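Chain by chain, the residues:
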Amino acid sequence: MSPTQIVVIVLVVLVIVAVLALAARSLNNRRALRNRFGPEYDRVVAEQDSRSAAERELRDRERRHAELTLTPLTPESRARYAAAWEELQVRFIDSPGETVGDADELVTRLIEEQGYPTGDFSDQIAHLSVEHARTLTNYRDAHEIHLRNSRGEASTEELRQAVVHYRALFADLLGEEPVGQRTPEQRHHPDHDATSR
């Protein structure tokens, strides 16, 4: 083999190694984005012109999220929100339409208190998607039902579903179920605690 052939072979091998390294890096980045964003990854890919555009969008969301100053809830604040959610669920029986509006407001206050922007709904979703992507479909569905309800177009079953959807994001943001392990009957009978001791 001539020295020129050896140089060509070495260059070809180096190019193949470089291409494989880039492909592996791209695959690892894609996997990391899929793991972080879950179903939101697929949603953004479907909305964008290409997978690379969607991945740029998701990396941009990560960058903007890193610029936020997020504040963890204090135990007192967490307890206050949990109590407000429990009260909201009790009120649903008597006024489901109003309760969905209250649920939307309560979730928005919780989001804001933690340091997320709350002005534009799509910006809110983009910021939340970095850490709460797995419950965003619930939040979108709940918000859509809330908007339909404000136009008088939502059924009682849809309103019930909206509260369930809001609860998923609410629990995710709170870091725990907003209403403890008591059953609905136990929540409505305060003497249950005395009899269970």
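Anything mentioned here points back to the structure above.
Definitions and limits used
Each chain carries its own residue numbering, running from 1 in the written order of its sequence. Per-residue local features of the predicted model are confined to residues with pLDDT of at least 70, and side-chain atom pairs are confined, for both listing and counting, to 80 or more; whole-chain, interface and lining totals are unaffected and use all residues. Side-chain numbers come from the whole structure's heavy atoms, not from hydrogens or water. Patch rule: a residue counts if its relative accessible area is over 30% and it has no salt bridge; like charges are joined within 9 Å, and nonpolar side chains (Val, Leu, Ile, Met, Phe, Trp, Tyr) within 5 Å. We get accessible surface area from the Shrake-Rupley algorithm with a probe of 1.4 Å; when it comes to residues, only the shown protein chains can shield them. A pairing counts as a salt bridge when a side-chain nitrogen of Lys or Arg comes within 4 Å of a carboxyl oxygen of Asp or Glu. Elements are defined by DSSP. Helices are runs of H or I of four residues or more, strands are runs of E of two residues or more, and each kind is numbered from the N terminus. Accessible area is worked out with a 1.4 Å probe on protein chains only. A residue is then buried under 20% of its type maximum, exposed over 50%, and partly exposed in between. Buried residues of nine kinds, namely Ala, Val, Leu, Ile, Met, Phe, Trp, Tyr and Cys, make up a nonpolar core once their side-chain atoms join them within 4.5 Å. In this description, contact between two residues means that some pair of their heavy atoms is separated by no more than 4.5 Å. Here a helix's expected span is defined as the number of its residues, less one, multiplied by 1.5 Å. Geometry is summarised by axes, namely lines fitted to C-alpha atoms with helices restricted to the contacting stretch, and by angles between N-to-C directions that run from 0 to 180 degrees. Convention used here: angles under 35 degrees read as roughly parallel, angles over 145 as roughly antiparallel, angles from 65 to 115 as roughly perpendicular, and any remaining angle as oblique. Nonpolar residues are Ala, Val, Leu, Ile, Met, Phe, Trp, Tyr, Cys and Pro. Charged residues are Asp, Glu, Lys and Arg, and all others, Gly as well, are polar.

A few points about a nonpolar patch on the surface
Reasoning step 1: On the surface, a cluster of nonpolar side chains totalling about 860 Å² of accessible area is made up of Met1, Ile6, Val7, Ile9, Val10, Leu11, Val13, Leu14 and Val17.
Reasoning step 2: Take isoleucine 6: it is sitting in helix 1 (residues 3–37).
Reasoning step 3: The class of isoleucine 6 is partly exposed, set by a relative accessible area of 43%.

A few points about the nonpolar core
Reasoning step 1: In this structure, Trp85, Ile111, Leu128, Tyr139, Tyr166 and Phe170 are the most contacted members of the largest nonpolar core, which totals 28 residues.
Reasoning step 2: Elements with a contribution of two residues or more to this core: helix 4 (75–91), helix 5 (96–113), helix 6 (121–132), helix 7 (136–150) and helix 8 (156–174).
Reasoning step 3: When residues of this core are assigned to their parent elements, the largest contribution, 8 residues, is made by helix 8.
Reasoning step 4: In this view, phenylalanine 170 contacts Tyr81, Trp85, Leu106, Val107, Leu110 and Pro178; residues no more than four positions away in its chain are not counted.

Section: the pattern of salt bridges
Reasoning step 1: By the definition in use, this model includes 16 salt bridges.
Reasoning step 2: One salt bridge connects glutamate 113 with arginine 80, and the closest N-O pair in it is separated by 3.6 Å. Pair noted here: glutamate 113 is in helix 5 and arginine 80 is in helix 4, with a separation of 33 residues, a long-range link.
Reasoning step 3: You can call arginine 80 partly exposed: its relative accessible area is 47%.

So, helix 1
Reasoning step 1: An ideal rise of 1.5 Å per residue puts 51 Å on 35 residues; helix 1 measures up with 51 Å between its terminal C-alpha atoms.
Reasoning step 2: Of the residues flanking the end of helix 1, it is glycine 38, one or two places downstream, whose phi is positive at about 50 degrees.

Digging into the packing of helix 4 against helix 5
A packed helix pair is summarised by two numbers, namely the angle formed by the two axes and the spacing between the axes.
Reasoning step 1: Interaxial distance between helix 4 and helix 5 falls to 10 Å at its minimum, and their mutual angle equals 170 degrees. Looking at the two axes, helix 4 sits roughly antiparallel to helix 5. Taken together, the residues of helix 5 that come into contact with helix 4 (itself represented by Ser77, Arg80, Tyr81, Ala84, Trp85, Leu88 and Arg91) are Thr99, Asp102, Ala103, Leu106, Arg109, Leu110 and Glu113.
Reasoning step 2: Its residues assigned to classes, the contact of helix 4 with helix 5 comprises 7 nonpolar, 2 polar and 5 charged.

All quantities given are derived from atomic positions and should not be read as evidence of function.
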